[in-house]
Amino acid sequence: MLDVTVIEDPEAAAVSLDPIRARLLAELAAGPASAAMLAGKVGLPRQKVNYHLKALERHGLVELAGERRKGNVTERLMRATAASYVISPLALAPVQPDPDRFRDQLSARWLLALGARLVRDVGSLLTGAAKARKGLATYALDGEVRFASAADRAAFVQELTAGVSALIRKYDAPDAESGRDHRIVVAVHPTVKPQAQDRPELAPGDAEPAPDADPGPDPAPDADPGPDPARDPGTRQ
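Calculation criteria
Numbering of residues starts from 1 in every chain and runs along the sequence as written. With the structure being a predicted model, the display of local features is reserved for residues of pLDDT at least 70 and the display and counting of side-chain atom pairs for 80 or more, all residues being used for whole-chain, interface and lining totals. To obtain the side-chain values, all non-hydrogen atoms of the structure were used and water was disregarded. Should a side-chain nitrogen of Lys or Arg be within 4 Å of a carboxyl oxygen of Asp or Glu, the pair is scored as a salt bridge. Only runs of H or I of at least four residues qualify as helices and only runs of E of at least two qualify as strands under DSSP, and these elements are numbered from the N terminus. Exposure categories follow from relative accessible area, calculated using a 1.4 Å probe and restricted to protein chains: below 20% of the type maximum is buried, above 50% is exposed, and the middle band is partly exposed. Whether two residues touch is decided by their heavy atoms; if any such pair falls within 4.5 Å, the residues are in contact. Counting of polar contacts relies on pairs of N or O atoms within 3.5 Å, with two restrictions inside protein: one atom must be capable of donating a hydrogen and the other of accepting it, and residues adjacent in sequence are counted only when both atoms are side-chain atoms. In this text, buried Ala, Val, Leu, Ile, Met, Phe, Trp, Tyr and Cys residues form a nonpolar core when linked through side-chain atoms within 4.5 Å.

Caption draft 1: Local environment of the pattern of salt bridges. Counted under the stated rule, the structure contains seven salt bridges. Among the ionic pairs, D100 bridges to R117, the shortest N-O distance being 3.7 Å. Within this pair, whereas D100 is found in the loop between β4 (85-87) and α5 (108-132), its partner R117 is found in helix α5, the two being separated by 17 residues in sequence. Among the ionic pairs, R120 bridges to D121, the shortest N-O distance being 2.9 Å. Owing to a relative accessible area of 22%, R120 belongs among the partly exposed residues under this scheme. Members of the salt-bridge network, linked through shared partners, are R23, E27 and K41.

Caption draft 2: Here's a closer look at the environment of A80. Along the chain, A80 turns up in strand β3 (residues 73-80). On the basis of relative accessible area, A80 is assigned to the buried category, the value being 0%. Considered as a pair, A80 and L25 are 55 residues apart in the sequence and their alpha carbons are 6.0 Å apart. When residues no more than four places from it in sequence are discounted, the contact partners of A80 are M1, L25, L28, A29, L61, V62 and Y85.

Caption draft 3: Here's a closer look at the environment of L53. Counting through the fold element by element, L53 comes out in helix α4 (residues 46-58). Along the sequence, L53 and R79 sit 26 residues apart, while their C-alpha atoms lie 9.9 Å from each other. Those residues within four positions of L53 in sequence are excluded, and the remaining contacts are L24, L28, A35, L38, V62 and M78.

Caption draft 4: Geometry of the side chain of S107. Position of S107 among the secondary structure elements: in the loop between β4 and α5. Residue class for S107 comes out buried when judged on its relative accessible area of 4%. One polar contact links the side chain of S107 to the main-chain amide nitrogen of W110, over a distance of 3.2 Å.

Caption draft 5: The nonpolar core, seen in detail. In terms of nonpolar packing, the biggest core is built from 20 residues, with L24, L28, L38, V49, L53 and L56 touching the most fellow members. Sorting the residues of this core by element identifies α1 (10-17), α2 (19-30), α3 (35-42), α4 and β3 as the ones contributing at least two each. Broken down by element, this core gets its largest block of residues, four residues, from α3. Leave out the neighbours within four places in its chain, and L28 touches M1, A33, L38, L53, V62, M78, R79 and A80.

Right, dumping it as C-alpha cells:
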C-alpha cells in the first residue's frame, strides 16, 4: 500500500468524495476487509457495500488483497490502494488554478495556485515514474519559525529570496544538453494551530475578510484579478 497517491481522473474523484465510499476507503486503509465485515461497521447491508466496493475498485481506489472461504461462500478481502489520497487539479482541469495568470509574491491566493500546480505536477510525475518503474528525484524541506515582529518576517523573506536567487544563478545551466529542468517552490505562511482545525486562528497582522462581507462585483471576464485588496502591510490574501 502506498502512503499517499493522487487522483487525477474526474470520475474517480467523484467516487472518492461520496461520504459512504470515503468511509469505506478509510476502513480499508486500516486493513483488508470483506463486504460482510464492512457492513457492520458502516451500517449498510452487505449487498450495498459490495456495490460501493465495486465502484471503488473500478477506479483503482481499492484492490483485491485475497480471498477466504466462509461456509459455502468465498469472500473477497479488499484493501485500499493507499493510506491517503490527494485530488489533483487535473480532476477539475477546465477550472484548475493557473499561477501564470497573475504573479504576486505576497498574495495567499497566488501561493494557493502554486500549491495546486505542485500537487498536479508531482502527481503526474509519480504516475509516470510508476508506469516506467523508475524512481523520482525530488526534495522537500519543511520547518517552522516564530517571528518576533512583522519587520523580522519581512527581513527573513528578503534574505530568503536573495539566498535562493543566488543559488539559482550559481547552478542554472540553460545550455546543458543532458540537463533537466527542475521547478523550485519556496513558501512562507502562518502556522495553522492544531486546536483550530475548523477555522484557523490568525495571529495579529494576518489579514482576514470580515464575516459575510460582500466581495464586491465580479471582475470582468478574462481580467487579471490582481492582488486582493483586503490586506495589512506586508500581508496579502
